[in-house]
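What the coordinates show
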Amino acid sequence: MPSLKDLTHDELTALGPVEFVELLTSASDREVADVMAGPTRMSVIDSIFEHMPRMFRSDRARDLRATTHWTITGKGVPDDDWTVRVGDGQASAARGHDGDAAVSLSMGPVEFIKLITKTGNPVMMVMMGKIKIKGDMSLAANIGSLFDVPRA
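These notes cover the structure that comes with them. It should be emphasised that the depicted structure is a prediction, and the values quoted were computed from it without experimental measurement.

As for the overall build of the chain
Secondary structure assignment for the chain yields eight helices and five strands. Moving toward the C terminus, one meets the helices and strands of the chain in the order α-α-α-α-α-β-β-β-β-α-α-β-α. Here the C-alpha atoms of the chain give a radius of gyration of 15 Å, agreeing with the 15 Å that 2.2 N^0.38 yields for 152 residues. Taken along the three principal axes of its C-alpha coordinates, the chain extends 40 × 30 × 25 Å.

Below is the structure:
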């Protein structure tokens, strides 16, 4: 499998969800940090959010209706802002912050990758200040259970 840092934008976007997650989880923190400070950062982040609606577990959401704001920070690069909405058994993701959020999450790129691939401990990342949460703490604590991570 190629290294995350060696892929072009086109190669990255051509990966299937399982291959993409395997690539992310096999990368070291340094590789993730380097990629997320470079030209393919937007491709990585866009791919993740664009796949979120397909990974949504409506059976776990029940009657939940919520808007979440996500901010992925970075040194020397603009923040990436996304809105993820859950409601009526579906999820949607859109670039930018739109509407009033029940919860807002802000984190660096390494923490973001660990959070969405479920390879990091979100409680520890919050306690260490690596993830900042504003709003509904219960929703923040349970949001990961609403989405699957593609695995082989």
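A word on the side chain of Thr 117
With respect to the helices and strands, the residue Thr 117 is situated in helix 6 (residues 109-117). In this structure Thr 117 touches Val 21, Leu 24, Thr 25, Val 149 and Arg 151, once residues within four positions along its chain are discounted.

Description of the pairing of strand 4 (residues 103-107)
Residues Val 103, Leu 105 and Met 107 line the buried face of strand 4, whereas the alternating positions Ser 104 and Ser 106 sit on a face that is not buried. Inspection of the sheet shows strand 1 (residues 66-72) paired to strand 4 by five bridges, in the parallel sense. Residue pairing across strands places Thr 68 opposite Val 103, the latter belonging to strand 4. As defined by bridge partners, strand 4 adjoins strand 5 (residues 131-135) across five bridges and the pair is classed as antiparallel. Counterpart to Val 103 in the pairing with strand 5 is Gly 135.

What to know about the packing of aromatic side chains
Counted under the stated rule, the structure contains five aromatic pairs. The interplanar angle of 75 degrees and the centroid separation of 6.2 Å between the aromatic rings of Trp 70 and Phe 112 together place this pair among those described as edge-to-face. Taken as a pair, Trp 70 in strand 1 and Phe 112 in helix 6 lie far apart in primary sequence, 42 residues in all. Among the residues examined, Trp 70 registers a relative accessible area of 3% and is labelled buried. An aromatic cluster of three or more residues is present, and its members are Phe 49, Trp 70, Trp 82 and Phe 112.

Points about the side chain of Asp 80
Looking at the secondary structure, you find Asp 80 in strand 2 (residues 80-87). Residue Asp 80 is classed as buried on the basis of its relative accessible area of 5%. Among the polar contacts made by the side chain of Asp 80, one reaches the side chain of Arg 41 at a distance of 2.6 Å. When neighbours within four sequence positions are excluded, Asp 80 is seen to be in contact with Arg 41, Ile 45, Trp 70, Thr 71, Ile 72 and Arg 95.

Digging into the pattern of salt bridges
By the definition in use, this model includes nine salt bridges. Its salt-bridge partner being Asp 98, residue Arg 85 comes within 3.1 Å of it at the nearest N-O pair. Remark: Asp 98 occurs in the loop between strand 3 (90-95) and strand 4 and Arg 85 occurs in strand 2; sequence separation between them is 13 residues. Taken together, the salt bridges that share partners define one network made up of Arg 41, Asp 46, Asp 80 and Arg 95.

Observations concerning the pairing of strand 3
Bridging between strand 2 and strand 3 involves six bridges; their strand directions are antiparallel. Looking across to strand 3, one finds that Arg 85 is bridged to Ser 92. From the end of strand 2 to the start of strand 3, which pair antiparallel, there are two residues, and Asp 88 there has a positive phi angle of about 55 degrees.

Quick notes on helix 6
Burial analysis of helix 6 places seven of its nine residues in the buried class, the great majority of the element. Inspection of helix 6 places Pro 109, Val 110, Glu 111, Phe 112, Ile 113, Ile 116 and Thr 117 among the buried residues, and these make up the whole buried set. Residue Lys 118 follows helix 6 closely and has a positive phi angle near 60 degrees.

So, how was this worked out
For every chain, the first residue of the written sequence is number 1, and numbering continues from 1 along that sequence. Residue-level local features of this predicted model are given only where pLDDT is at least 70; pairs of side-chain atoms are given and counted only at 80 or more, and the full residue set underlies all totals for whole chains, interfaces and linings. The basis for the side-chain values is all heavy atoms of the structure; hydrogens and waters are excluded. Here a strand is any run of E in DSSP of at least two residues, a helix any run of H or I of at least four, and the numbering for each starts at the N terminus. All radius of gyration figures rest on C-alpha atoms, and the globule criterion is 2.2 Å times the number of residues raised to 0.38. Every residue pair with non-hydrogen atoms within 4.5 Å of one another is taken to be in contact. Accessible area is worked out with a 1.4 Å probe on protein chains only. A residue is then buried under 20% of its type maximum, exposed over 50%, and partly exposed in between. One requirement defines pairing of two strands: DSSP has to find at least two bridges between them. Centre distance within 6.5 Å is the pairing criterion for rings of Phe, Tyr and Trp, where only the six-membered ring of Trp is used; planes under 30 degrees apart are then read as stacked, over 60 as edge-to-face, and the remainder as tilted. Pairing of N or O atoms within 3.5 Å defines a polar contact, subject to two protein rules: one partner must be a possible hydrogen donor and the other a possible acceptor, and residues neighboring in sequence count only if both atoms are side-chain atoms. In what follows, salt bridge is the name for a side-chain nitrogen of Lys or Arg lying within 4 Å of a carboxyl oxygen of Asp or Glu.

Distances and angles like these do not, on their own, reveal function.
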